[in-house]
Amino acid sequence: MSLWFQNENRLPQMRLTVISYSIVGLMALLLLGFWKLQIVNSDLYAQLAERNRVRSIPIIAPRGAMLDRYGRVIVDNYPSFSVLLLRDDPQQVERLLPQIADGLNVSLEDIRQQLEAATALAHFQPIVIKPEATPGDRDFIESHRADIPVLEMLMVYRRRYPPGGFMAHVSGYVGEVSSEQIEESGGRYRPGDIVGKAGLERQYNDHLMGVDGMRRSVVNSVGREVGRLEQTDAVPGKPIRLTIDYDLQLVAEEALVGKKGAVVAIDPKNGEIVAMASQPSYDPNDFAVRITKEEWQNLNEDPERPLLDRAIQAQLAPGSVFKILMATAMLESKAVPADYHVFCPGSAEFYGRVFHDWDKKGHGDVDVHKAIVHSCDVFFYNLGKQLGIDRISFYAGNLGMGHKTGVDLPGEEPGVMPSEAWKERVFHQKWYPGETISVAIGQGAIAVTPIQLAYMIGGIITGGRFHQPHLLLSDTASPEIDFPISDATVDTVTEGMYGVVNEPGGTGSLSKLPGIELCGKTGSAQVISNQGLARAGKQAALRDNAWFVGFAPRQHPEIIVSVLVQGGEHGASAAAPIAKNVVKAYYDKKQGKVAPQELTTQAVPPGVPPSFAAQAARVNKQEAVPEEGVPTNPDTVPTKPQPVSATPQPTPPATLNP
Amino acid sequence: MNEGSGIRDYDLWLLAIIFGICGIGVLEIWSATHASHLAGMHVKQLWWIALGLGLMLLLSRLDYHSVLDKAPVLYLIGILALLAVLAVGHTRYGAKRWLPVMGEFLQVSEIAKLIIIVSLARFFAEVRTERLALTDLFKAAVLTAVPIGLILLQPDLGTAMVLVPVVAVGAYLAGIQWKHAAVMVLAAALMVPIGWHHLKPYQKERVTTFLRPEEDPKGSGYQILQSKIAVGSGGFWGKGLGHGSQNQLGFVPVRYSDFILAALAEELGFAGVFVTLVLYTALLLRLIQNAQHAKDRAGMFLVMGVAAILGFHVLVNVAMVIGFMPVTGIPLPLMSYGGSAMLFVFLALGLVMNVRLRRFVN
């Protein structure tokens, strides 16, 4: 044995002890580290662990359908699939992106943008990278479950509107909730929610919108589902029943095709809007998926302004239709006697200026009845001068001018009723008496919306009972404003309007309906003054706007129709026939001459008239092939969220107070 | 010599502690793998433990003086084995670390660790001065640097680092002078930037991730984050064996090996961690106690070499699990799954037993 270990030194006990203490010290330090993680911050890490293991996939609630007054479905949903990208593992996602983009036929750039936009979201929340999955996309996802585990299918409901912009301004459209809306909602909306953006979709969004459910499942570290947790079922939105009569709506829409204007038909007894159309229109189906920036810009910047709901937003001079209000003001104020009459030579001079009658030949001796029937301007010039602007303004204001009607649609405009005070307030200028003369025939600064005219004249002919127009069918009566008008006045006005259509020489006599007591008033309103028109040249946009407001029957009217055709020039030829058609359709139906259109749960009306169908085919790019979008065999899509209900139930009528 | 030393001459406390730690380890390996394709791993681990115990007993019968006697030869064999690995070794995970021995792949650096312990014990025992001379310090450094260099070439930074505390503790016990120690530390500090250039990209990434985990929460910081989530979510009593979501769903990386303590912390909570760390502390203190009672300096250096290497393993691994240290790939001795590592630890403990059996000066 070697000698190297023989010579013994004593062991460095002190240093060994130091090492012992160091070990105890370091261990204590490490234990402190565990204490901090496991005791102090335990809740935080427990949350993170939960977030790791649980994946939440929303179950989309279908929106409530929109039914017409007889329960026919106008707007409903069709099931569709969106492609979800699960972002739990960003590195994996990044690696698979080119494959995904290729397989789903979307640009890599597009997906990247969406990923960037979603960086603020918690990473366990999946994002929709393709809202409308084709059958090919579904095959792609199914066949690549193993190697591309980050894709998932989400069953969604798409809104299905009638094609071709039919009733688009009434129904409105839906879209992804904006960040401002999320903030305003106080936590009710979450990013990605689909909410109503316009029209009834927006007005009754709370009622129509369901509550999305959530399916929570346990996933392992590679994102594979290994178990299910609780599932919150979606609560479908409730349907709403509208006052709209589909048959009348169809007539109104068809009459406006290719024109620029609006039709509003109201039951003056209760304010129920039975038809409401505006053209040019847009296809809300375009919004149902995801509208591109360009499409939106095109719609927004279109000079024809298809997004404008002319029925409630077009504020234009009413022209001669205003003479009904003038006559009412005259008879009610008693500022001039009821038999007030004027000789009309074809023009008259006021304040040093000559005001022409539309008929240069003149109307001879004119009383109020004849003035309405022949729409004599000179009579109303004189009347205007007699009444004065403030008296006109007082009555017009009380009959609804310059105020919103309160219709249950967002964005209604109030119109303008000028007065001395108004001019002072808005322009800081004095009112010129000459302006009163223009206002007396519905020209000048005066502006109304089509719905306002229907509302006002509907109120006058029912003795001053102004029912708030509404689109939601309800058992309870809608709010009513009473401004009592004497029976004598109502009779005189009604007889005058009856004469317009039914007396020889009446301005609307072309629209006479045999067997139906159609009453009405034509209007042709200048967009700018005649002098301005001469300067600008006769362009379409500057042609006179044609108006007609008609109702039937003479006693106890049931329907009042307000028609605007922009650039239609003559109320009698451009607007009155439309009102006549609507009223005729109303009577045909009432008298059982025409069977109502049968509408199934399909939003595409089977009886779309050819002209409208052609328009639909042109405008509606999206093929309406809903059935093909639903796999009949659920096994082909094993992990898709189950639909809550196959189709929304259209039967229960909405009993909601607007 | 006590050739016929009985069972009572063994360090029964040390054995009890080892069994305790191994038991917890097997339990947690079972829990971490029973529901996966790795099921049955704990049984394999039991076999490794049995084999290790056998080797430990075998090694303890051999007088450590005769082992130390052959230190130079062993050292040469170790160096040759490391060279052999580099030449013909089996590559796994991008590193050449394995030599095929009897159907299993043996991690040669584990044997090299043992040989370095023995060689340094022999070297420091021969230094008889009260204070460690600079030349001797230099020799010891070179003795260690050669195998470290070879292991770094594999590359295996973790194992290479593990050798440093052996020479550091040895030098400290051999009476290193403070100024020398200071210079060494300074030199090491200067080596860091040079060494940085030679790190593999994945190693650099691990270090930067450790220093700034928030910059890459889902990249390589992912492992540490998931480990911390597992530990933290365990709370005081844990989620129960087999019920840790981080563990069972595979969020904890290599949960049966390097991160086994994270899996344990999740399922058995702070209580389980406390027991485990107390056991490890007891193990290390027991080793030091054995060193204090060694018959000679050679025995003491041998035991302390083992203590240094095991202590370093434990501290670095535990620190990594809670995010105090970067991911280094250093397993937790006696608990992490792995044949070579297990055999090394038992052989090293065999050396300790050996020293204890011969602690009484005859």
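Rules used in this analysis
- Residues numbered from 1 in each chain as written.
- Chains lettered and ligands numbered in written order.
- Predicted model: local features only at pLDDT ≥ 70, side-chain atom pairs only at ≥ 80, totals over all residues.
- Heavy atoms only, no water.
- Helix = DSSP H or I, 4+ residues; strand = E, 2+ residues; numbered from the N terminus.
- Buried < 20%, exposed > 50% of the residue type's maximum accessible area, 1.4 Å probe, protein only.
- Contact = heavy atoms within 4.5 Å.
- Areas by Shrake-Rupley, 256 points an atom, 1.4 Å probe, with all protein chains shown as cover.
- Patch = residues over 30% accessible without salt bridge, like charges linked within 9 Å, V, L, I, M, F, W, Y side chains within 5 Å.
- Salt bridge = Lys/Arg side-chain N within 4 Å of Asp/Glu carboxyl O.
- Phe/Tyr/Trp six-rings, centres within 6.5 Å; stacked < 30°, edge-to-face > 60°.
- Buried area = accessible area lost by both parts, 1.4 Å probe.
- Polar contact = N/O pair within 3.5 Å; in protein donor to acceptor, adjacent residues only side chain to side chain.
- Expected span 1.5 Å × (residues − 1).
- Pairing = 2+ DSSP bridges.
- Axes fitted to C-alpha atoms, helices over the stretch in contact; angles between N-to-C directions.
- pLDDT = per-residue confidence, 0-100.
- Parallel < 35°, antiparallel > 145°, perpendicular 65-115°, else oblique.
- Left-handed = near helix turned anticlockwise from the far one by under 90°.
- Nonpolar A, V, L, I, M, F, W, Y, C, P; charged D, E, K, R; others polar.
- Core = buried A, V, L, I, M, F, W, Y, C linked by side-chain atoms within 4.5 Å.

Trainee: I'm lost on the overall build of chain A in this one. Help?
Mentor: In terms of regular secondary structure, chain A is built from 24 helices and 21 strands. Across the 658 residues that make up chain A, the buried fraction comes to 54%. Taking contacts inside chain A between residues at least 6 apart in sequence as the whole, the part at least 24 apart equals 71%. Summing over all exposed atoms, chain A offers an accessible surface of approximately 28,700 Å²; the carbon and sulfur share of this is 53%.

Trainee: Would you take a moment to explain a nonpolar patch on the surface for this structure?
Mentor: Together, Trp35 and Val40 of chain A together with Phe236 and Trp237 of chain B line one region of the surface with nonpolar side chains, adding up to about 480 Å² of accessible area. Mapped onto the secondary structure, Trp237 of chain B falls in the loop between helix H10 (221–234) and helix H11 (245–248). Owing to a relative accessible area of 67%, Trp237 of chain B belongs among the exposed residues under this scheme.

Trainee: Just checking my understanding: could you explain the packing of aromatic side chains for this structure?
Mentor: Two measures describe an aromatic ring pair: the distance that separates the ring centres and the angle between the ring planes. For the structure shown, the criterion picks out 19 aromatic pairs over all chains. Ring geometry for Phe350 of chain A and Tyr381 of chain A: centres 6.0 Å apart, planes at 70 degrees, overall edge-to-face. One end of the pair, Phe350 of chain A, is in strand E14 (residues 347–350); the other, Tyr381 of chain A, is in helix H16 (residues 377–387), and 31 residues separate them in sequence. Accessibility expressed as a relative area gives 5% for Phe350 of chain A, which makes it buried. Ring centres of Phe270 of chain B and Phe274 of chain B lie 6.4 Å apart, and the angle between their planes is 40 degrees; this geometry places the pair in the tilted category. Here the residue Phe270 of chain B and the residue Phe274 of chain B both occupy positions in helix H12 (residues 260–292), the gap between them amounting to four residues, near one helical turn. According to the relative accessible area criterion, Phe270 of chain B is buried, its value standing at 8%.

Trainee: Looking at this model, I keep getting lost on the interface of chain A and chain B. Mind explaining?
Mentor: Size of an interface: often given as the accessible area lost when the parts come together. Taken together, the contacts link 47 residues of chain A with 59 residues of chain B. Summing the contributions of chain A and of chain B, the shared interface buries around 4,600 Å²; its carbon and sulfur component is 71%. Connecting chain A to chain B are six residue pairs in polar contact (both at pLDDT 80 or more). Elements represented by at least two residues in the side of chain A that touches chain B include exactly helix H1 (13–40), helix H2 (42–53), helix H3 (90–104) and strand E8 (213–219) of chain A. The element that contributes the greatest number of residues to the side of chain A that touches chain B is H1 of chain A, accounting for 20 residues.

Trainee: Explain helix H21 (residues 487–502) of chain A here, please?
Mentor: Residues spaced three or four apart along an α-helix point in a common direction, a consequence of the helix completing one turn every 3.6 residues. Taking 1.5 Å as the rise per residue, H21 of chain A with 16 residues should run 22 Å; its terminal C-alpha atoms sit 21 Å apart, in good agreement. Listed as buried for H21 of chain A are Thr489, Val490, Val493, Thr494, Gly496, Met497, Gly499, Val500, Val501 and Asn502 of chain A.

Trainee: I keep staring at the sheet that holds strand E12 (residues 272–279) of chain A and nothing clicks. Help me out?
Mentor: Residue and element names in this part refer to chain A. Strand order across the open sheet formed by five strands is E12-E11-E21-E20-E19, with antiparallel pairing between neighbours. Of all the strands in the sheet, the pair left with one neighbour each is E12 and strand E19 (519–525). Across this sheet, the average inter-strand angle for adjacent strands is 5 degrees, counted without regard to direction. Pairing geometry for strand E11 (residues 261–267) and E12, over seven bridges, is antiparallel. Paired with Val263 across the strands is Ala277, a residue of E12. Packed on one face of the sheet, helix H20 (residues 450–461) meets E11, E12, strand E20 (545–552) and strand E21 (559–565) and runs near 145 degrees to E21.

Trainee: Just to check I follow, could you spell out the confidence of the model for chain A for this structure?
Mentor: Note: predicted coordinates in regions of low pLDDT should not be interpreted at a detailed level. Residue and element names in this part refer to chain A. When pLDDT is averaged along chain A, the result is 82, and 85% of the positions lie at 70 or above. Note on residues 529–533: pLDDT under 50 across the span, and two contacts to partners over four residues away in sequence or across chains. Contacts for the low-pLDDT stretch residues 601–658, under 50 throughout, to residues beyond four places or in other chains number 105 contacts.

Trainee: Would you mind going over the packing of H12 of chain B against helix H14 (residues 339–357) of chain B with me for this structure?
Mentor: How two helices sit against one another is set out by the angle between their axes and by the gap between those axes. Residues and elements named next belong to chain B. The contact between H12 and H14 brings their axes to 9 Å, and the two run at 40 degrees. Comparing the axis directions of H12 and H14 gives the class oblique. Along this stretch, H12 crosses H14, giving a crossing that reads as left-handed. Where H12 abuts H14, its residues Arg286, Leu287 and Asn290 lie against Leu349, Val352 and Arg356. Here the residues of the contact of H12 with H14 sort into three nonpolar, one polar and two charged.

Trainee: Even after reading the chapter, I still don't get the pattern of salt bridges, so can you show me in this structure?
Mentor: Pairing between side chains becomes possible if they bear opposite charge and their charged atoms approach one another. All names here are of chain A. Enumeration over the complete set of coordinates arrives at 31 salt bridges over all chains. Ionic pairing is found between Arg72 and Asp68, a salt bridge with its closest N-O pair at 2.7 Å. Of the two residues examined, Arg72 and Asp68, each falls in the buried class. Put simply, Asp588 and Lys584 hold a salt bridge, and the shortest N to O gap is 3.0 Å. Of the two residues, Asp588 and Lys584 are both situated in helix H23 (residues 571–590); the distance of four residues between them amounts to about one turn of the helix. Owing to a relative accessible area of 36%, Lys584 belongs among the partly exposed residues under this scheme. Here the residues in one salt-bridge network are Asp68, Arg72, Asp245, Asp247 and Lys589, joined through shared partners.

Trainee: Can you help me understand the nonpolar core in this one?
Mentor: The nonpolar side chains of a soluble globular protein tend to be buried with one another. Counting 129 residues, the largest nonpolar core has Met276, Phe322 and Phe379 of chain A as the members making the most contacts within it. Take this core: its biggest share by element is ten residues, from H23 of chain A. For Met276 of chain A, the residues in contact, after removing those within four places along its chain, are Met167, Val170, Ile244, Gln249, Glu253, Val263, Val264, Ala311, Ile312, Leu409, Ile451 and Leu471 of chain A. In this structure, Ile29, Leu277, Leu302 and Tyr337 of chain B belong to the second largest nonpolar core, which totals 128 residues.

Trainee: So what exactly am I meant to see when it comes to H12 of chain B here?
Mentor: In a regular helix each residue adds 1.5 Å, so 33 residues correspond to 48 Å; H12 of chain B covers only 32 Å between its end C-alpha atoms and thus falls short of that length. The element H12 of chain B is largely enclosed, with a buried count of 25 among its 33 residues.

Trainee: How should the sheet that holds strand E1 (residues 54–59) of chain A be read in this particular structure?
Mentor: Residue and element names in this part refer to chain A. Taken in spatial order, the three strands of this open sheet run E1-E8-E9, and their pairing is antiparallel. For this open sheet the edge positions go to E1 and strand E9 (225–232), each flanked by a neighbour on one side alone. Taking the axes of each pair of neighbouring strands and ignoring which way they run, one obtains an average angle of 25 degrees across the sheet. The sheet contact formed by E1 and E8 spans six bridges and is antiparallel. By the bridge assignment for E8, Val54 is matched with Val218.

Trainee: Would you mind showing me how to read the pairing of E20 of chain A here?
Mentor: When a strand is regular, its side chains alternate between the sheet's two faces. Residue and element names in this part refer to chain A. Most of E20 is tucked away: eight of the eight residues are buried. Here E20 shows a buried face lined by Asn545, Trp547, Val549 and Phe551 and a second buried face lined by Ala546, Phe548, Gly550 and Ala552. Here E19 pairs with E20 via seven bridges, running antiparallel. From the neighbouring strand, Lys521 faces E20, where its bridge partner is Val549.

Trainee: Just to check I follow, could you spell out unusual backbone geometry for this structure?
Mentor: Negative phi is the rule for most residues except glycine; trans is the rule for most peptide bonds. Residues and elements named next belong to chain A. For the bond from Gln279 to Pro280, the omega torsion is 0 degrees, close enough to zero to count as cis. Within the secondary structure, Pro280 sits in the loop between E12 and helix H11 (285–288). Phi is positive for His556, which is not a glycine, with a value near 45 degrees. Tracing the backbone shows His556 in the loop between E20 and E21. Exposure remark for His556: the relative accessible area of 67% places this residue in the exposed category. With phi around 70 degrees, Glu569 is a residue other than glycine that occupies positive phi space.

Trainee: What is the right way to look at the confidence of the model for chain B in this model?
Mentor: Confidence in the prediction of chain B, expressed as mean pLDDT, is 86, and 90% of residues score 70 or more. Both scores are available for the predicted complex, with the pTM at 0.65 and the ipTM at 0.91.

Trainee: Looking at this structure, how should I read the environment of Glu412 of chain A?
Mentor: All names here are of chain A. Residue position: Glu412 is located in the loop between helix H17 (389–398) and helix H18 (420–427). Residues Glu412 and Arg310, spaced 102 residues apart in sequence, show a C-alpha to C-alpha distance of 9.6 Å. Not counting the four nearest positions on each side in its chain, Glu412 is found in contact with Ile312, Lys404, Thr405, Gly406, Val407 and Ile451. In this structure the side chain of Glu412 is engaged in a polar contact, spanning 3.5 Å, whose partner is the backbone nitrogen of Val407.

Trainee: What should I look at first to understand the pairing of E14 of chain A in this one?
Mentor: Residues and elements named next belong to chain A. By the alternation rule, side chains of E14 split into Ala348 and Phe350, which are all buried, and Ser347 and Glu349, of which none is buried. Inspection of the sheet shows E14 paired to strand E15 (residues 353–356) by four bridges, in the antiparallel sense. Its bridge partner lying in E15, Ser347 is registered against His356.

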